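Residue-level listing of the chains:
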Amino acid sequence: NNDDDENTKSLGVFPVVSTYTPTLSDELDIQPGDRVEVLNEYDDGWCQGINLSRGNCKGVFPKHCVDMFTSSNNTQPSVTVT
């Protein structure tokens, strides 16, 4: 049984809002404007994902670098309270 990444359920594709420069080999280089597909969200404030804007590299990055509330899969307009 080959449980490869194809079976991983994605949490969605989200925009990057702040730069993260990797310090370890398993970390992901992300820049504002990049789109990342988040695969896992960890309790320590990190996520694992794929940077769709930079050659589909896979790695971990701090959750605060990504706008988890704005998914490009979600086309509903945001509700503005007046």
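Refer to the structure printed above.
Residues numbered from 1 in each chain as written. Predicted model: local features only at pLDDT ≥ 70, side-chain atom pairs only at ≥ 80, totals over all residues. Heavy atoms only, no water.

A. Quick look at the sheet that holds strand β4 (residues 57-62). On the basis of which strands lie adjacent, the open sheet formed by four strands has the order β1-β2-β3-β4 and antiparallel pairing. Taken across any chain shown, the strands that pair with only one partner, and hence form the sheet edges, are β1 (12-15) and β4. Within this sheet the neighbouring strands show an average axis-to-axis angle of 40°, counted without direction. Here β1 runs beside strand β2 (residues 35-41); their pairing, made up of four bridges, is antiparallel. Bridging across to β2, V13 finds its partner in E37. (Pairing = 2+ DSSP bridges. Helix = DSSP H or I, 4+ residues; strand = E, 2+ residues; numbered from the N terminus. Axes fitted to C-alpha atoms, helices over the stretch in contact; angles between N-to-C directions.)

B. View of the side chain of D34. Within the secondary structure layout, D34 lies in the loop between β1 and β2. Look at D34 and you get buried, because its relative accessible area is 6%. Polar contacts involving the side chain of D34 include one to the side chain of R54, which spans 2.6 Å. Residues in contact with D34, not counting those within four places in the same chain, are F14, P15, V16, D29, N51, S53 and R54. (Buried < 20%, exposed > 50% of the residue type's maximum accessible area, 1.4 Å probe, protein only. Polar contact = N/O pair within 3.5 Å; in protein donor to acceptor, adjacent residues only side chain to side chain. Contact = heavy atoms within 4.5 Å.)

C. A look at the nonpolar core. Core analysis: the largest hydrophobic core is formed by twelve residues, namely F14, V16, Y20, L28, I30, V36, V38, C47, F61, C65, V66 and M68. Discounting residues that sit within four places of it in the chain, M68 has contacts with F14, V38, E41, C47 and K63. (Core = buried A, V, L, I, M, F, W, Y, C linked by side-chain atoms within 4.5 Å.)

D. Local environment of the pattern of salt bridges. Scanning all chains against the criterion turns up two salt bridges. For R54, the salt bridge goes to D34, with nearest N and O atoms at 2.6 Å. With a gap of 20 residues between them, R54 in the loop between β3 (46-51) and β4 and D34 in the loop between β1 and β2 connect regions that are remote in the sequence. A residue is classified by how much of its surface remains accessible, and R54, at 37% relative accessible area, is partly exposed. (Salt bridge = Lys/Arg side-chain N within 4 Å of Asp/Glu carboxyl O.)

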